[in-house]
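Residues per chain, in single letters:
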Amino acid sequence: MQAIAYQNALPISDPRALQDVTLPDPTPGPHDLLVEVRAIAVNPVDTKVRASTSAEPGGWKVLGWDAVGTVRAVGSAVTLFQPGQRVWYAGAINRPGANAELHLVDERIAALAPTSLTDADAAALPLTAITAWELLFDRLGIARDTAPSNDSLLVVGAAGGVGSILLQLARNLTGLNVVATASRPETQDWVRKLGAHHVIDHSRPLAQALKDAGLPAPRYVVGLTQTDKHFAQIAELIAPQGRFGLIDDPKPGSIDISLLKRKAVSLHWELMFTRSLFQTPDMVEQHRLLTEVARLVDAGLLRSTIGEHYGRINAENLRRAHAHLESGQARGKIVLEGF
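Residues numbered from 1 in each chain as written. Predicted model: local features only at pLDDT ≥ 70, side-chain atom pairs only at ≥ 80, totals over all residues. Heavy atoms only, no water.

Structural notes on the sheet that holds strand S11 (residues 198-200)
Spatially, the 6 strands line up as an open sheet ordered S11-S10-S9-S12-S13-S14, and their pairing is parallel. Where the open sheet ends on each side, the last strands, each with one partner, are S11 and strand S14 (266-269). Averaged over neighbouring strand pairs, the angle between their axes works out to 20 degrees when direction is ignored. Together, strand S9 (152-156), strand S12 (220-223), strand S13 (243-246) and S14 form the strand contacts of helix H7 (residues 227-237), whose direction differs from that of S13 by roughly 170 degrees. (Pairing = 2+ DSSP bridges. Helix = DSSP H or I, 4+ residues; strand = E, 2+ residues; numbered from the N terminus. Axes fitted to C-alpha atoms, helices over the stretch in contact; angles between N-to-C directions. Contact = heavy atoms within 4.5 Å.)

Have a look at this one:
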């Protein structure tokens, strides 16, 4: 099968950072689907792994944790799917990724893709939708209740992939007052279109920006990027007994969690790979939530967060996508389609 892979962790400017290769076709295990990949999306985790983790000696490392494709074959214990069905998923970080013609995924973390979206539009959603859903409803414990609430949700760095779907979920499935941060006119317009009631500029001190906008202290705060930069401001502005969730990777020693103690604020990590990494008893919840997200998409309540389509799935286009993500200027998701 064709694949895009690498052997050594290298900067994306090096042509060897991602290469077109031919690898053996994979064989499904008991719970696996063998998927013919049609479209993929690129996430920050791809760039982080590529820049820091080399392949095993003599081997190749394949990235890619967003895919839409058709089931070619199923493992002996599979009960949820059959060959010929169109699926979407984000996969598992401890297995080869989806930047390949054929890919294996555990059935418990896949679902039928929304029928109303093209392959490319659908590929933009799985990883970020799982992350946003788990962060809001599993980690922060926000109720799925659309009755108007006096509580607010502040989303820091809301214009990226996770923020783009999280805003929609919060606006459509909760009654919270949704406040997003974005610093450029185009990203501020983007987050408003996706459901933010209010937008503040995170290039300014957040506590003062919130106060200047006349907004109350939010009960819930989500940090999606540069948490180390914004943490002190978040601790200052969050409501007493609030809940703070994050997904990024603050540098060791860069945040002082004791700042949350006086307000009895709880801190919640979200990593969408946790269930698959540890084969948790509730691993099938990712199948269920992706099924529900597909239903919401087909009902017109959620839209794709595709930002740019980079063409066919090959090393040259993936290198461009990684470089754009690393620039910090991406809005929404970058997708590629077809081999």
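That covers the picture; the talk isn't over yet.
Description of the sheet that holds strand S1 (residues 2-6)
In space, the 3 strands of this open sheet follow the order S2-S1-S4, with antiparallel pairing throughout. Where the open sheet ends on each side, the last strands, each with one partner, are strand S2 (19-22) and strand S4 (61-62). Pairing of S1 with S4 involves 2 bridges; the strand directions are antiparallel. Bridge pairing in S4 links Tyr 6 to Lys 61.

Description of the pairing of strand S10 (residues 177-181)
Summarising burial for S10: 5 of the 5 residues are buried, a large majority. Of the two faces of S10, the one holding Asn 177, Val 179 and Thr 181 and the one holding Val 178 and Ala 180 are both buried throughout. Viewed along the sheet, the connection from S9 through helix H4 (residues 161-173) into S10 turns out right-handed. By the bridge criterion, 3 bridges tie S10 to S11 in an arrangement that is parallel. The residue bridging Val 179 from the neighbouring strand is His 198, located in S11. Note on the crossover from S10 through helix H5 (residues 185-193) to S11: the handedness is right-handed. (Buried < 20%, exposed > 50% of the residue type's maximum accessible area, 1.4 Å probe, protein only. Right-handed = clockwise from strand over helix to strand, strands pointing away.)

Let's talk about the pattern of salt bridges
Tallying each qualifying case throughout the model produces 21 salt bridges. The salt bridge involving Arg 139 is made with Glu 134; its shortest N-O contact spans 3.6 Å. On the basis of relative accessibility, which here comes to 25%, the residue Arg 139 falls in the partly exposed class. The partner of Arg 295 in a salt bridge is Glu 292, and the shortest N-O contact between them spans 2.7 Å. Placement of the pair is Arg 295 and Glu 292 together in helix H9 (residues 285-298), with a separation of 3 residues, close to one helical turn. (Salt bridge = Lys/Arg side-chain N within 4 Å of Asp/Glu carboxyl O.)

Focus: the side chain of His 103
Topologically, His 103 is positioned in strand S7 (residues 102-106). Classification of His 103 as buried rests on a relative accessible area of 4%. Setting aside chain neighbours within four positions, we find His 103 in contact with Leu 33, Leu 34, Val 35, Val 37, Tyr 89, Pro 96, Gly 97 and Ala 98.

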